[in-house]
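Descriptive analysis of the structure
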Amino acid sequence: MNTTDIINDFTTEARNDFVNRYNEQAEDLLLLEQAWVREKTVPQLLPHESELVERIMERIRVQLETIDEMASDENTDKLTLVIIESELERIQYLLRAYTRGRLRKIDSNQVMDLSLLSVDEQTYLRGHSAMKNQFLTSLLGEEPSIPESDPDNESCHIFVRAQAPFPFRDEDTMQVGDVRVAKWKDVAHGVAEGALHVI
């Protein structure tokens with residue numbers, strides 16, 4: 001094996017590593033977009049995508065460090081820096097929108113199962129509940145009540161696409177790629193199982 005072979009092997013390995021990292025990042029971004037759409041569309045609080053959010057947060061931290069290094073380098077192309085910053089802002093927007101949607105549902109007392117929440121969301125819920133209870137008790141003289149689930153939430157309609165064959169009502173089976181408008185209560189288990197994708 002000569003020097004050229006070693007350099008080619010290293011270059012091929014580096015290229016494959018770059019492509020794999022890029023594909024993982026693109027897949028995570030797509031998963032975040034899907035989680036945001038599901039959270040925005042579905043009336044009930046869904047399980048938190050903790051692992052996905054943590055991976056994306058780590059990438060954001062690394063990207064911010066890279067941007068700082070690039071900004072301090074005089075040889076950095078400013079257009080490249082603007083493009084990287086714009087993409088980072090887009091990812092941060094999606095992450096904030098996903099989080100705001102979840103917090104909106106938590107604020108509206110839709111949380112009945114704490115296992116659906118991240119650790120930070122559980123802390124937020126406890127603080128929010130304590131503040132609300134203190135307000136109701138001290139200022140209004142009311143005792144806090146236990147929230148009831150809203151039956152109208154389960155009757156709202158959403159769009160779903162089949163990722164796998166799914167029995168849709170008794171007379172029909174959705175095939176892969178089929179799109180339907182359905183009541184949330186009729187398709188909630190399909191979304192939870194991954195057979196249906198909210199669009």
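Each remark here, short or long, concerns the structure printed above.
Presented here is a report on the structure given in the accompanying data block. (Residues numbered from 1 in each chain as written. Predicted model: local features only at pLDDT ≥ 70, side-chain atom pairs only at ≥ 80, totals over all residues. Heavy atoms only, no water.)

A few points about the overall build of the chain
Scanning the chain for helices and strands turns up 6 helices and 5 strands. Its helices and strands in sequence order give the chain the pattern α-α-α-α-α-β-β-β-β-α-β, from N to C terminus. Within the chain, buried positions represent 27% of all 199 residues. Restricting to contacts in the chain with at least 6 residues of sequence separation, those with at least 24 account for 60%. Of the roughly 13,500 Å² that the chain leaves accessible, carbon and sulfur atoms contribute 53%. (Helix = DSSP H or I, 4+ residues; strand = E, 2+ residues; numbered from the N terminus. Buried < 20%, exposed > 50% of the residue type's maximum accessible area, 1.4 Å probe, protein only. Contact = heavy atoms within 4.5 Å. Areas by Shrake-Rupley, 256 points an atom, 1.4 Å probe, with all protein chains shown as cover.)

Details of the packing of helix H2 (residues 50–72) against helix H3 (residues 78–107)
Look at H2 against H3: their axes get within 11 Å of each other, and the N-to-C directions meet at 155°. Viewed along their axes, H2 and H3 adopt a mutual orientation that is roughly antiparallel. Seen along the crossing, H2 lies across H3 with a hand that is left-handed. Across from Val-53, Ile-56, Met-57, Ile-60, Gln-63, Leu-64, Ile-67, Met-70 and Ala-71 in H2, the residues of H3 making contact are Lys-78, Thr-80, Leu-81, Ile-84, Glu-85, Leu-88, Ile-91, Gln-92, Leu-95 and Tyr-98. Classifying every residue of the contact of H2 with H3 by side-chain character gives 14 nonpolar, 3 polar and 2 charged. (Axes fitted to C-alpha atoms, helices over the stretch in contact; angles between N-to-C directions. Parallel < 35°, antiparallel > 145°, perpendicular 65-115°, else oblique. Left-handed = near helix turned anticlockwise from the far one by under 90°. Nonpolar A, V, L, I, M, F, W, Y, C, P; charged D, E, K, R; others polar.)

Focus: the packing of aromatic side chains
What the rule picks out here adds up to 1 aromatic pair. Measuring from centroid to centroid gives 6.3 Å for Trp-36 and Tyr-93, while their planes differ by 75°, and the two rings are edge-to-face. Remark: Tyr-93 occurs in helix H3 and Trp-36 occurs in helix H1 (residues 3–41); sequence separation between them is 57 residues. According to the relative accessible area criterion, Tyr-93 is partly exposed, its value standing at 42%. (Phe/Tyr/Trp six-rings, centres within 6.5 Å; stacked < 30°, edge-to-face > 60°.)

Here we look at the pairing of strand E1 (residues 157–162)
What you see with E1 is a clean split: Ile-158, Val-160 and Ala-162 sit on the buried side and His-157, Phe-159 and Arg-161 on the side with no burial. Where E1 lies against strand E4 (residues 179–183), 5 bridges are found, and the strand directions are antiparallel. Bridging across to E4, Ile-158 finds its partner in Ala-182. (Pairing = 2+ DSSP bridges.)

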